[in-house]
Amino acid sequence: MINRILVGYATRYGSTQEVAEAIAATLRTCELEVEVHPLREVKSLAPYTGIIIGAPLMMFRWHKDAQRFLARHRRELSERPVAVFALGPVHDPRDEKEWADSRAQLEKELAKVPWFKPLALEILGGVFDPTKFRFPINKLAGAEPASDIRDWDAIRAWARELAQELGSATS
Ligand SMILES: Cc1cc2nc3c(=O)[nH]c(=O)nc-3n(C[C@H](O)[C@H](O)[C@H](O)COP(=O)(O)O)c2cc1C
């Protein structure tokens, strides 16, 4: 059986899409077939043997496209191995409190869908780019400097772990 993986993402400013593409590129080097699509455009999970869902935390919530995706595909998600990632922390990568807070936010969101049991759940560093903000976020964001703490080596390493888990879960 061919393992075909969906990397579905939601994004507001683009950084989660770039992470989704990087995860897909690594999975392809592990000889998996991979498609990358915005979560809101996915109609059916029937073509896929494994699913990766990525979306940013925004204002203490997981992006609404991810929440809707879970509700829309509940049955098919329950029948397949699923991994989840969320972009959140944007400051010092060593700031353990910020990472713990983001993880707690995601876990709180997922506690609302107790049937959903992802085999992996990862918080990844994100991007803070005030030049992209529109009103009213540009007014609320203050004068924080831009940052990009995405760790591409860590992202690729996590993707290689997933390749093993998602590849073997279905073969
Ligand atoms: C207005 C705003 C609100 C945010 N709120 C949160 C939050 O509540 N928790 C968190 O962990 N990260 C938060 N972040 C950080 C985002 O998750 C991070 O910027 C991420 O890279 C955005 O992803 P995107 O570029 O795919 O939209 C926030 C960022 C912005 C700009």
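The structure under discussion appears in the preceding block.
Residues numbered from 1 in each chain as written. Predicted model: local features only at pLDDT ≥ 70, side-chain atom pairs only at ≥ 80, totals over all residues. Heavy atoms only, no water.

Hey, could you go over the overall build of the protein for me, with residue numbers and the actual values?
Looking only at helices and strands, one finds six helices and eight strands in the protein. Reading the protein from its N end, one meets helices and strands in the order β-α-β-β-β-α-α-β-α-β-β-α-β-α. Taken against the 2.2 N^0.38 rule, which gives 16 Å for 171 residues, the C-alpha radius of gyration of the protein at 16 Å falls within 12% of a compact globule. Within the protein, the fraction of its 171 residues that count as buried is 46%. Looking at the protein alone, contacts between residues at least 24 apart form 76% of all its contacts between residues at least 6 apart. Each charge sign in the protein was given a centre, from 24 positive and 24 negative side chains, and these centres are 8 Å apart. (Helix = DSSP H or I, 4+ residues; strand = E, 2+ residues; numbered from the N terminus. Rg over C-alpha atoms; globule rule 2.2 N^0.38 Å. Buried < 20%, exposed > 50% of the residue type's maximum accessible area, 1.4 Å probe, protein only. Contact = heavy atoms within 4.5 Å. Lys, Arg positive; Asp, Glu negative; His and termini not counted. Charge placed at Lys NZ, Arg CZ, Asp CG, Glu CD.)

With reference to specific residues and values, describe the site of the ligand.
For the ligand, the set of nearby residues contains 20 residues, the closest of which are Thr 11, Ser 15, Thr 16, Phe 60 and Val 127. At a separation of 2.8 Å, an oxygen atom of the ligand approaches a polar backbone atom of Arg 12. In this structure, an oxygen atom belonging to the ligand sits 2.5 Å away from a side-chain N or O atom of Ser 15. Mapping the ligand onto the cavity grids shows that it belongs to the largest pocket. When residues of the shell around the ligand are traced back to their parent elements, those giving at least two are helix H1 (15-29), strand E3 (50-58) and helix H4 (96-111). Tallied by class, residues from the shell around the ligand come to 11 nonpolar, eight polar and one charged. (Near = heavy atom within 4 Å. Polar contact = N/O pair within 3.5 Å; in protein donor to acceptor, adjacent residues only side chain to side chain. 1 Å grid on protein atoms, 1.4 Å probe; cavity = no way out; pocket = protein on both sides within 12 Å on 5 of 7 lines; lining within 4 Å. Sits in = over half its atoms within 2 Å of the grid points. Nonpolar A, V, L, I, M, F, W, Y, C, P; charged D, E, K, R; others polar.)

So what's going on with H1? Residues and values would help.
The end-to-end C-alpha distance of H1, which contains 15 residues, comes to 22 Å, matching closely the 21 Å that a straight helix rising 1.5 Å per residue would cover. Those residues of H1 lying buried are Ser 15, Thr 16, Val 19, Ala 20, Ala 22, Ile 23, Ala 24, Thr 26 and Leu 27. (Expected span 1.5 Å × (residues − 1).)

Explain the pattern of salt bridges residue by residue, including any values.
Applying the stated criterion across every chain yields a total of 11 salt bridges. Between Arg 80 and Glu 79 there is a salt bridge, and its shortest N-O distance comes to 3.7 Å. Given a relative accessible area of 18%, Arg 80 falls into the buried group. Ionic contacts of the salt-bridge type, sharing partners, join the residues Glu 18, Asp 148 and Arg 150 into one network. (Salt bridge = Lys/Arg side-chain N within 4 Å of Asp/Glu carboxyl O.)

Tell me what's going on with a nonpolar patch on the surface, and back it up with residues and numbers.
A cluster of nonpolar residues, Met 59, Phe 60 and Leu 140, forms a patch on the protein surface that exposes about 410 Å² of accessible area. Locating Phe 60 in the fold gives a position in the loop between E3 and strand E4 (61-62). Taking the relative accessible area as the measure of exposure, Phe 60 reaches 64% and is therefore exposed. (Patch = residues over 30% accessible without salt bridge, like charges linked within 9 Å, V, L, I, M, F, W, Y side chains within 5 Å. Areas by Shrake-Rupley, 256 points an atom, 1.4 Å probe, with all protein chains shown as cover.)

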